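# Understanding the architecture of this molecule
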Amino acid sequence: MSTRAEALAKRIEQGAYALAAFAEGLSDTQWHTVVPPDGRQAGVIIHHVASVYPIEIHLATQIASGKRVEGVTWGVVAEMNAKHAHDQAAVGKQETVELLRRNSRSAAEAVRAFTDEQLDRAAPVSLNADAPLTAQFLIEDHALRHSWHHLAKMKAVLSRSPSE
């Protein structure tokens, strides 16, 4: 197993663990609090993070195999996020935390299977103006960073809101 892949996988797990612990501590009011400027409820954001691990790992795997990422734009991402927010407006805490744990565990296991050569492989990524990005960069910028990114934003907002 690649030492780098193991380190990436552990960091994915750390972020997901921190997000799950945060989610479990939210009151019902906090779970439904809209997080600006995002505009989605905290619970929906947590479910969003949980639900996109498979997509993020698929894209990294695509790059690792030398294939370019095409058709993924910020507009497509915004549409996907809006649809998810609409479809998951009433999502529950328990099912979300379970999904977060399951999908982050699967993502970490998939990352553990990457070789150093695969992590270093680069291909054009449409989301980033067809810049030739490495699989490791995509893992770090998406599957790994995603939970930390949203966790920080939610903590900033919810630390100022009443907890019931």
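Please read these numbers as outputs of a predicted model, since none were measured by experiment.

Conventions used here
- Residues numbered from 1 in each chain as written.
- Predicted model: local features only at pLDDT ≥ 70, side-chain atom pairs only at ≥ 80, totals over all residues.
- Heavy atoms only, no water.
- Salt bridge = Lys/Arg side-chain N within 4 Å of Asp/Glu carboxyl O.
- Helix = DSSP H or I, 4+ residues; strand = E, 2+ residues; numbered from the N terminus.
- Buried < 20%, exposed > 50% of the residue type's maximum accessible area, 1.4 Å probe, protein only.
- Expected span 1.5 Å × (residues − 1).
- Contact = heavy atoms within 4.5 Å.
- Pairing = 2+ DSSP bridges.
- Polar contact = N/O pair within 3.5 Å; in protein donor to acceptor, adjacent residues only side chain to side chain.

Taken as a whole and judged by the stated rule, the model has 14 salt bridges. Across the salt bridge formed by Arg112 and Glu13, the nearest N and O atoms sit 3.0 Å from each other. A residue pair is termed long-range when its members are at least 10 positions apart, and Arg112 in helix α5 (residues 93–112) and Glu13 in helix α1 (residues 3–24) qualify at 99 residues. With a relative accessible area of 30%, Glu13 lands in the partly exposed category. Put simply, Glu6, Lys10, Glu13, Glu109 and Arg112 are held in one network by salt bridges that share partners.

Here the focus is α5. The terminal C-alpha atoms of α5 lie 28 Å apart, and with 20 residues this matches the ideal 28 Å at 1.5 Å per residue to within 8%. For α5, the complete set of buried residues consists of Thr96, Val97, Leu99, Leu100, Asn103, Ser104, Ala107, Ala108, Val111 and Arg112. Among the structural elements, α1, α2 (28–31), α3 (42–64) and α7 (135–158) are those in contact with the buried residues of α5.

Taken together, the four bridges between strand β3 (residues 122–125) and strand β4 (residues 131–134) define a ladder with antiparallel strand orientation. Its bridge partner lying in β4, Ala123 is registered against Leu133. The hairpin turn running from β3 into β4, its antiparallel successor, is five residues long, and Ala129 in that turn takes a positive phi close to 60 degrees.

So, about α3. The terminal C-alpha atoms of α3 lie 33 Å apart, and with 23 residues this matches the ideal 33 Å at 1.5 Å per residue to within 8%. Within α3, 18 of the 23 residues are buried, which leaves the element mostly enclosed by the surrounding structure. Downstream of α3 by a residue or two, Gly66 has a phi angle that is positive, lying close to 90 degrees.

With that out of the way, let us pick up the side chain of His146. Its place among the elements puts His146 in helix α7. Residue classification places His146 among the buried positions, given a relative accessible area of 10%. A distance of 3.0 Å separates a polar atom in the side chain of His146 from a polar atom in the side chain of His48. Among all residues touching His146, those that are not within four sequence positions of it are His48, Val49, Val52 and Glu56.

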